[in-house]
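# Structure assessment
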Amino acid sequence: MPQRRREPQRKEPTERDLRDLEQRVHRLINEQRQRAKLPPLTWREDVAHAARDHSKNMAERNFFDHEDPRLGNVDKRLNRFRISWRACGENIFMLYGYENPAPVAVQGWMNSPGHRANILYNEFTHAGIGVFYRRSDRRYYLTQIFIRPSDGTKR
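Residues numbered from 1 in each chain as written. Predicted model: local features only at pLDDT ≥ 70, side-chain atom pairs only at ≥ 80, totals over all residues. Heavy atoms only, no water.

For strand β4 (residues 126-134), a buried count of eight out of nine residues is recorded, marking the element as mostly surrounded by other parts of the structure. Direction of pairing for strand β2 (residues 42-43) relative to β4: parallel, over a ladder of two bridges. Note that in β4 the partner of Trp 43 across the bridge is Ala 127. Here nine bridges tie β4 to strand β5 (residues 139-148), and the two strands are oriented antiparallel to one another. Residue Tyr 133 lies in a different strand from β5, and its bridge partner there is Tyr 140. Joining the antiparallel neighbours β4 and β5 is a turn of four residues, in which Arg 138 adopts a positive phi near 60°. (Buried < 20%, exposed > 50% of the residue type's maximum accessible area, 1.4 Å probe, protein only. Helix = DSSP H or I, 4+ residues; strand = E, 2+ residues; numbered from the N terminus. Pairing = 2+ DSSP bridges.)

In structure tokens form, the structure reads like this:
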């Protein structure tokens, strides 16, 4: 879900800033789950890598959708990265002009019934978040992928 600018952007984020942003979003998502009395999602770096790839593809190929025109939906993209899963879901967000986009993205997702349902779905046990920053127009692309591993891993 796209979001428009509300506060001035000060500096371009570094790769470290983007990884920190991913972790902030993950923490905020787990706070939402805690409020709903759900267990936290465990971070999976391989899932985050797949999410980063989708965010980058959306930015570089100028589309904003759960379905990548070349690589398909989240299930096909997870398979491409050889990530085994029993259940999967995805949230995407795009915004620009924010110094701290994490709470904006999470609040946007929580205000959207479908995105909120993914965040609060008890069957999901693991997640990864991937952020890409497009310098040309200062847009952040965020992808959050949720899974329940096929091997029965709980947390």
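Along any regular strand, the residues point their side chains to alternate faces of the sheet. The buried count for strand β3 (residues 87-96) comes to eight of 10 residues, which makes it a mostly enclosed element. Two elements, β3 and β5, share 10 bridges in a ladder whose sense is antiparallel. Along β5, the bridge assignment pairs Leu 95 with Tyr 140.

Given two aromatic rings, their pairing is described by the distance between the two centres and the angle made by the two planes. Going through the model one piece at a time under the given rule, you end up with four aromatic pairs. Centre to centre, the rings of Phe 93 and Trp 109 are 6.0 Å apart; their planes meet at 85°, and the pair counts as edge-to-face. With Phe 93 in strand β3 and Trp 109 in helix α4 (residues 101-110), this pair connects stretches of sequence that are 16 residues apart. In this pair, the class of Phe 93 matches that of Trp 109, namely buried. When the centroid spacing of 5.3 Å and the interplanar angle of 20° are considered together, the rings of Phe 124 and Phe 146 count as stacked. Taken together, the positions of Phe 124 in the loop between α5 (113-119) and β4 and Phe 146 in strand β5 put the pair 22 residues apart, joining distant regions of the chain. Comparing Phe 124 with Phe 146, the two get one shared label, buried. (Phe/Tyr/Trp six-rings, centres within 6.5 Å; stacked < 30°, edge-to-face > 60°.)

Another aspect to go through is the nonpolar core. If you look at the biggest cluster of nonpolar residues, it comprises 24 residues, and the most contacted ones within it are Val 25, Tyr 140 and Leu 142. Every element with two or more residues in this core is listed here: α1 (15-35), β3, α4, β4 and β5. No other element matches α4, which puts six residues into this core. Other than its neighbours up to four places away in sequence, Leu 142 contacts Val 25, Ser 55, Asn 91, Ile 92, Phe 93, Leu 95, Ala 105, Trp 109, Gly 130 and Val 131. Residues Val 47, Ala 51, Ile 145 and Ile 147 belong to the second largest nonpolar core, which totals eight residues. (Core = buried A, V, L, I, M, F, W, Y, C linked by side-chain atoms within 4.5 Å. Contact = heavy atoms within 4.5 Å.)

As a further point, take α4. In terms of burial, α4 is a largely internal element, eight of the 10 residues being buried. When we look at burial in α4, the residues that qualify are Pro 101, Ala 102, Val 104, Ala 105, Val 106, Gly 108, Trp 109 and Met 110.

You can see Asn 122 is positioned in the loop between α5 and β4. Relative accessible area serves as the criterion here: at 38%, Asn 122 is assigned to the partly exposed category. It is 21 Å that separates the C-alpha atoms of Asn 122 and Ala 105, two residues lying 17 residues apart in sequence.

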